[in-house]
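Single-letter residue listing:
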Amino acid sequence: MELITNWAPAEEGLLQILNLLKESQSPDTSTQRVVHQKLEELSKYPDFNNYLIYVLTKLTPDGRAKHWPNNQEFKISDATRSLSGLILKNNLKSHYDSLPVETINFIKSECLHALSDPSNLIRATVGILITTIQAKGKIENWPELIPSLCHLLDSNDYHAVEGAFGALQKICEDSADVLEADETNRPLNVLIPKFLQFFQHSSARIRSHAIACVNQFIVCKSQALQDNIELFVQSLFHLAGDEDTEVKKNICRALVMLLDVRLDRLFPHMVSIIEYMLVRTQDPDESVALEACEFWLTLAETTICHEVLAPYLPRLIPILVKGMRYSEIDIILLKGDVEEDNEMVPDREEDIRPRFHRSKSKRGDPSEQHQQHHQQQHLGGGGGGDGLGDDEDEDEDEEDDSGLSDWNLRKCSAAALDVLAHVFRDELLPTLLPILKETLFHSEWEVKESAILALGAIAEGCMSGMLQHLPELIPYLITSLNEKKSLVRSITCWTLSRYSHWVVSTATGNSHELYLKPLMTELLKRILDTNKRVQEAACSAFATLEEEACTELVPYLGYILETLVFAFGKYQHKNLLILYDAIGTLADSVGHHLNSTEFIQLLMPPLINKWNLLKDEDKDLFPLLECLSSIATALQAGFLPYSEPVYRRCVSLVEQTLNQHIANVQNPEQFEAPDKDFMIVALDLLSGLAEGLNGFIEKLIANSNILQLLYQCMQDPMPEVRQSSFALLGDLTKACFQHVSPFVSDFLPLLGQNLNPELISVCNNATWAIGEISVKLGADMRGYIPMILNQLIVIINYPTTPKTLMENTAITIGRLGYVCPAEVAPSLPQFVRKWCSSLRNIRDNEEKDSAFRGMCLMIQANPSGILNDFIFFCDAVASWTNPKPDLKDMFSKILHGYKQQLSSENNVGCWKQITENFPPQLAERLTIVYGI
């Protein structure tokens, strides 16, 4: 390694840099700005980095420079030295590849020497520098790093050992896979045993570092750790009595990860481990309790959970319920959410999470498609209720509007109770119900609030056991929506949403008055609450109720819309985005019932007003476009007065995004990459318009370049763009095929290229679009069968194909058979069993109708193609509730044809042999409906 051995700072330069470092700590912003500019200028000189590492590593706290020629003194604090190191870190991150090799090597050498500095702050800063260098320059390009750190671990100097461990922990966190993959040097064969030696070190800090280092190699199942797994587990057990906070946290992390990947090693010790975790879940330090609480979540995923944990439920459940209370620190951080009337406090932009659009997957029944989409959005009940968590695509490390970390002991305890409720079901209730009986009526609001959260957490897992209690509990919860404390009101919204299915199931006929109407009424009041957190929770809960109730809400649409529209004028920025979703979900749930002049006049003016105020680059367009997509689909022709400006803006958003993408690809230095979510939501809204307006969209398509733009979108590298493109293509095919027809020869090869079940939603929409095109194209589809059919057969036989994709694939194969039976029929034996099995489960509709007509035509073309799977065809036919008369006649002719053929002289006994294997229910239905 080439080193700078004789470099020394010039006194003038050193004084200048020390002065800059001092000034940079000035509270005056103008001074800071000047210093920043000077530092930026200096960072262009490689020598500057030598000065920075010199200040960090050579200037001692007593003000005397090590090796300074004149024994010159400089008064400098550890904080200033550390600042020098952090500036160096930024320089390395920005300019690493352009720095001379000798400069990099000099910094490396000085870092290794400085790891034994007496100052914790300096050792930590040096550790950060080492991590930065190995991240930028790759650890394999610093071969002496690991041996040097190992050598320091053997030092008698505590500072050297601690400094080396600090650096090693960061390296293990960042480069575990690289260390594991190094088959030449096999560093872990040395490191893992060495780390284990330090588990018994007299310093808690060293013990903590050692465990943390080993922990990095559990999940990746490092071979070096597997070779020492018994010693590792035993060493952890020896530390069970350790009271250091960091040690306890790392032990808990280790046991949670081992539970996931080496259950076999922990199983013999499970009693001791459970006892340990019961204690740690109640640790006075919440960070330790949180790490321990993760154990119950992980244990619930194992096959042994019921067996090993059942005896401990009476001890564990009270601990989890207690852990669900807001801590004193939580309440301080929540500030206005604990008090009342915070709706007038403006939202801070940094408090509003980035919102990511989810493209929709198309399927035969639009109502099913929307239902699935919104169920995904609300699962977990985050929305202000602080229930079990927010949408899974949100960053766990971010903080929400309350200042609380998304993942804390409260949420972990609730999630643990939720998953354990799924494991133990009603077995949980004898322990939990007495606790709830006491805490639900507690005088302290924090206790009552945690009990309501617990009630929501068990809703799914313990539903059957809770049924007898719900007639009493639901009115209690509805009453609790009026509690004085806003946090009680918000969690009650969430918990009620978890029981909304039961509320709706009791609301058949005229029995709305008992539960559904009071719940709807009180949630609407909470939507207009004076507290923003309650508004958010109520909106989210109401959206869930909308999904469950669907057309049961139709009698109350006027009242619902008046409330939601009033909220438009009341809500701050963040909750406005959630309000859009509640309105969109309402449209999905009640469909065409929204299409009345009264409702349109109520709803559309505020939405269009927001639409006009938002600029094309404003991300608030995402939820508004999603909302309008649902409304356009629901209103159908009722959306016509608003369709042209909405359509044109969507086409413009698509075109702008495509142009920006092309500019970025051609000249990335000059043009930024676009946010393609703008294009995706615009495509989805165009789908909503096509689906809602149907033939009325024809004029809009005729006067625009959308199909040319769609051709570009279908080739986009981003799967979500292609997914939305294929959905729009299918909807345009249904609405105005005359405009799609000239492009079919370009579109179908692209659709064929996207029949990849690894990208489920893309594949699903491509499959659906092919089916729609085939119905319109008819016999002219013949030329495209070879490029499509084999891939569809692969998908339908793929072992992990999800239900929706399987059904869409079967429908599309049926439709291909409907228009080109002679071309598809020879392949019948390859797909008929899976085809029949998947389509027997869907309800009667137009798509099922066309698919079965196709099957009948294929059977006529190749009668022997289903002989081996005849029982599956019979079962699929019997799944129809009410087929159209001509389709029923097709079924009858086929069934009687087979009966006649298989009962003939050449096949004596065949029919009897086949029908004897029919389940009694199937045989009975075929006899009654088809007389066979």
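Residues numbered from 1 in each chain as written. Predicted model: local features only at pLDDT ≥ 70, side-chain atom pairs only at ≥ 80, totals over all residues. Heavy atoms only, no water.

Visitor: Help me out: how do you make sense of the nonpolar core in this one?
Guide: Nonpolar side chains in soluble globular proteins generally cluster together in the buried interior. Counting 313 residues, the largest nonpolar core has Phe 232, Trp 296, Met 781 and Trp 835 as the members making the most contacts within it. Among the elements that take part in this core, helix H35 (residues 677–693) stands out by supplying 11 residues, more than any other. Not counting residues up to four positions away in its chain, the partners in contact with Phe 232 are Leu 196, Phe 199, Val 214, Asn 215, Ile 218, Leu 225, Ala 254 and Leu 258. (Core = buried A, V, L, I, M, F, W, Y, C linked by side-chain atoms within 4.5 Å. Buried < 20%, exposed > 50% of the residue type's maximum accessible area, 1.4 Å probe, protein only. Helix = DSSP H or I, 4+ residues; strand = E, 2+ residues; numbered from the N terminus. Contact = heavy atoms within 4.5 Å.)

Visitor: Help me understand the environment of Ala 507, please; the structure alone is not making it clear to me.
Guide: Secondary-structure assignment places Ala 507 in the loop between helix H27 (500–505) and helix H28 (516–527). Linking Ala 507 and Glu 552, residues 45 residues apart in sequence, is a C-alpha distance of 7.9 Å. For Ala 507, the residues in contact, after removing those within four places along its chain, are His 512, Leu 516 and Glu 552.

Visitor: Got a minute to help me understand helix H8 (residues 158–181) in this structure?
Guide: An α-helix turns once per 3.6 residues; consequently, residues spaced three or four apart project the same way. The sharpest bend along H8 comes to roughly 85°, located at Ser 175. Near the N-terminus of H8, the side chain that reaches the backbone nitrogen of His 159, with its oxygen 2.9 Å away, is that of Asp 157. (Bend = angle between axes of the 7 residues up to and from the residue. Polar contact = N/O pair within 3.5 Å; in protein donor to acceptor, adjacent residues only side chain to side chain.)

Visitor: Help me understand the confidence of the model for the chain, please; the structure alone is not making it clear to me.
Guide: The predicted coordinates of low-pLDDT regions are not to be read in fine detail. Of the residues in the chain, 90% reach a pLDDT of 70 or more, and the chain-wide mean stands at 88. In this model residues 364–385 is a low-confidence stretch, pLDDT under 50, and it forms 66 contacts with partners more than four residues away in sequence or in other chains. (pLDDT = per-residue confidence, 0-100.)

Visitor: I would appreciate a short explanation of the packing of aromatic side chains in the present structure.
Guide: Scanning all chains against the criterion turns up 19 aromatic pairs. Between Tyr 711 and Phe 747, the aromatic rings sit 6.3 Å apart at their centres with planes inclined by 35°, giving tilted as the arrangement. With a gap of 36 residues between them, Tyr 711 in helix H37 (residues 706–713) and Phe 747 in helix H39 (residues 744–753) connect regions that are remote in the sequence. Take Tyr 711: its relative accessible area is 31%, and that puts it in the partly exposed class. Among the residues examined, Phe 747 registers a relative accessible area of 0% and is labelled buried. Put simply, the rings of Trp 835, Phe 852, Trp 880, Phe 891 and Tyr 930 touch in pairs and so form one group of aromatic residues. The ring of Tyr 326 has Arg 410 lying over it, and the distance from NZ or CZ to the ring centre is 3.9 Å. Positioned above the aromatic ring of Trp 880 is the side chain of Lys 848, whose terminal nitrogen or guanidinium carbon lies 4.9 Å from the ring centre. (Phe/Tyr/Trp six-rings, centres within 6.5 Å; stacked < 30°, edge-to-face > 60°. Lys NZ or Arg CZ within 6 Å of the ring centre and 35° of its normal.)

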